[in-house]
Amino acid sequence: MTARKIIIDTDPGQDDAVAILLALSADQLDVLGITTVAGNVPLRLTSKNARVVCELAGRPDVPVFAGCDGPMERKLVTAEHVHGKTGLDGADLPDPKMPLQDQHGVDFIIQTLRDHPPGTVTLCPLGPLTNIATAMTRAPDIIPRIQEIVLMGGAYFEVGNYTPAAEFNIYVDPEAADIVFKSGIPLTAMPLDVTHKALTTPSRIKAFRDIGTPVGQTVAGWIDFFDRFDMEKYGSEGAPLHDPCVIAYLLQPDLFQGRHVNVQIETSSDLTLGMTVADWWRVTDCAPNAMFMGDVDADGFFDLLTRQIAKL
Ligand code: RIB
Ligand code: CA
């Protein structure tokens with residue numbers, strides 16, 4: 001079976017880091033490269049953290065490219081209050097030895113899509129959509145060449161986690177999200193509606209720790225750190241593990257359920273900026289443009305994650 005070719009676009013962030021580990025653990029996926037974007041923490045740190053994670057996975061061969069250092073039109077908003085000042089608080093890992101690639105992340109995305117046959121490369125954005133939208137704007141010819149976009153972002157029934165209306169990734173760069181959701185590319189979204197059902201309960205964290213490897217310990221440490229903020233905020237028995245849902249979907253899509261609906265992005269109202277307005281009940285005649293996930297087999301998700309992390 002030919003491995004599915006993907007580019008991971010990311011703002012690590014502990015949950016991004018677990019998603020990257022999951023992708024690198026899976027023979028079914030061929031990670032052509034990792035592009036970093038400013039989001040959870042500034043670009044310099046997301047670009048460092050992505051390499052830290054590749055080296056933790058024993059994969060210093062995976063090229064990492066720094067992308068955009070801020071949104072297309074707005075001032076950058078970051079989330080150190082959630083992820084810590086390094087973006088990977090919760091584990092003490094050495095600085096990376098592997099180099100950052102010279103090519104800009106946006107140019108890597110454009111070049112890769114032009115170099116591969118149409119419909120053979122999937123984009124997996126795990127942070128603000130700045131790099132993806134910038135690539136589409138700079139090189140519209142790549143749009144029909146993209147096989148699928150599977151992203152973490154948005155919220156509808158679960159409402160916002162950064163404002164009452166908006167999820168962080170979309171809120172940081174709503175104009176970029178608007179471009180991506182209007183692109184016509186096959187799009188699968190993992191919004192808070194589904195990620196808030198993938199909670200890192202104590203028994204699930206213990207399962208990572210019980211793997212007994214440096215990677216398992218690190219993942220448990222990251223999640224312990226990540227948990228403290230979200231459990232306080234949501235009062236839930238664990239924190240939502242957002243970004244790995246994207247990679248888990250590629251590996252085991254039947255873990256997830258959703259609906260193909262029209263989703264539009266609010267880009268002007270101060271009150272609801274960055275809201276993903278999902279026409280879940282199809283009350284408009286707007287054409288569906290996204291598979292908007294709403295449910296996950298959480299036990300199956302964590303079984304997959306734990307099994308795969310144990311391989312690293
Ligand atoms: O709202 C959750 C998203 O914002 C996740 O991707 C997390 O890493 C942060 O980027
Ligand atoms: Ca992220």
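Quick look at the structure, then.

Quick notes on the rules
- Residues numbered from 1 in each chain as written.
- Chains lettered and ligands numbered in written order.
- Predicted model: local features only at pLDDT ≥ 70, side-chain atom pairs only at ≥ 80, totals over all residues.
- Heavy atoms only, no water.
- Helix = DSSP H or I, 4+ residues; strand = E, 2+ residues; numbered from the N terminus.
- Buried < 20%, exposed > 50% of the residue type's maximum accessible area, 1.4 Å probe, protein only.
- Contact = heavy atoms within 4.5 Å.
- Near = heavy atom within 4 Å.
- Polar contact = N/O pair within 3.5 Å; in protein donor to acceptor, adjacent residues only side chain to side chain.
- Areas by Shrake-Rupley, 256 points an atom, 1.4 Å probe, with all protein chains shown as cover.
- 1 Å grid on protein atoms, 1.4 Å probe; cavity = no way out; pocket = protein on both sides within 12 Å on 5 of 7 lines; lining within 4 Å.
- Sits in = over half its atoms within 2 Å of the grid points.
- Disulfide = S-S within 2.5 Å.
- Phe/Tyr/Trp six-rings, centres within 6.5 Å; stacked < 30°, edge-to-face > 60°.
- Pairing = 2+ DSSP bridges.
- Right-handed = clockwise from strand over helix to strand, strands pointing away.
- Points joined across faces, edges and corners; volume = space filled by probe spheres on them.
- Salt bridge = Lys/Arg side-chain N within 4 Å of Asp/Glu carboxyl O.

Here we come to the overall build of the chain. Helices and strands together make up the secondary structure of the chain, namely 12 helices and 10 strands. Each principal axis of the C-alpha distribution contributes one length, and for the chain these read about 50 × 45 × 40 Å. Residue burial in the chain is summarised as follows: out of 312 residues, 60% are buried. Within the chain, contacts between residues at least 6 apart in sequence are counted, and of these 82% link residues at least 24 apart.

What follows is about the site of ligand 1. Close to ligand 1 lie Asp 11, Asp 15, Asp 16, Asn 40, Leu 126, Met 152, Asn 161, Glu 167, Phe 168, Asn 169, His 242 and Asp 243, which account for all nearby residues. With respect to ligand 1, the side chain of Asp 11 contributes an N or O atom lying 3.1 Å from an oxygen atom. Here an oxygen atom of ligand 1 sits 3.1 Å away from a polar atom, N or O, in the side chain of Asn 40. Within the complex, 97% of the 280 Å² of free accessible area of ligand 1 lies under protein. In a pocket analysis with a 2 Å cut-off to the grid points, ligand 1 is assigned to the largest pocket.

Scanning the entire structure with this criterion turns up zero disulfides. The thiol of Cys 54 is not disulfide-bonded; the next cysteine sulfur, from Cys 124, is found 14 Å away. For Cys 54, a relative accessible area of 0% puts it in the buried group.

Our next topic: the packing of aromatic side chains. Counted under the stated rule, the structure contains nine aromatic pairs. Ring geometry for Phe 157 against Trp 280: centres 5.6 Å apart, planes inclined by 90°, an arrangement best described as edge-to-face. Linking Phe 157 in the loop between strand 5 (146-152) and helix 6 (168-172) with Trp 280 in the loop between strand 9 (276-278) and strand 10 (290-296), this pair joins segments that are 123 residues apart in sequence. Judged by its relative accessible area of 14%, Trp 280 falls in the buried class. Grouped by ring-pair contacts, the aromatic residues Tyr 156, Phe 157, Trp 280 and Trp 281 constitute a single cluster.

Along strand 5, six of the seven residues are buried, which leaves the element largely enclosed by surrounding structure. The sheet contact formed by strand 4 (residues 121-125) and strand 5 spans three bridges and is parallel. What sits directly across from Leu 123, in strand 5, is Ile 149. Regarding the hand of the β-α-β motif, the stretch spanning strand 4, helix 5 (residues 130-138) and strand 5 is right-handed. Sheet topology note: the strand 5/strand 6 (residues 187-190) ladder contains four bridges and is parallel. Within strand 6, the position partnered with Met 152 by the bridge is Met 190.

Quick look at the side chain of Thr 200 now. Its location among the elements puts Thr 200 in the loop between helix 8 (192-195) and helix 9 (202-209). On the accessibility criterion, Thr 200 (1% relative accessible area) is buried. Apart from residues no more than four positions distant in its own chain, Thr 200 is found in contact with Ile 205, Ile 223, Asp 227, Glu 237, Gly 238, Ala 239, Leu 241 and Phe 302.

The next subject is the environment of Val 172. Along the chain, Val 172 falls in helix 6. Note: C-alpha distance between Val 172 and Gln 103 (69 residues apart in sequence) is 24 Å. Excluding residues within four positions of it along the chain, Val 172 makes contact with Pro 71, Leu 76, Val 77 and Pro 128.

Considering only enclosed or pocket space, the largest pocket measures out at about 250 Å³ in volume. Considering the residues around the largest pocket, the lining is formed by 23 residues, among which Asn 40, His 83, Asn 161, Phe 168 and His 242 are closest to the centre. Of all elements in the fold, only helix 1 (14-25), helix 3 (80-83), helix 6 and helix 10 (214-234) reach the threshold of two or more residues within the lining of the largest pocket. Among the elements that line the lining of the largest pocket, the one with the most residues is helix 10, at five residues.

It is worth spelling out the pattern of salt bridges at this point. For the structure on display, the rule yields 12 salt bridges. Across the salt bridge formed by Lys 48 and Asp 95, the nearest N and O atoms sit 3.1 Å from each other. Taken as a pair, Lys 48 in helix 2 (residues 43-56) and Asp 95 in the loop between helix 3 and helix 4 (105-115) lie far apart in primary sequence, 47 residues in all. Accessibility expressed as a relative area gives 27% for Lys 48, which makes it partly exposed. For Asp 95, a relative accessible area of 51% translates into the label exposed.

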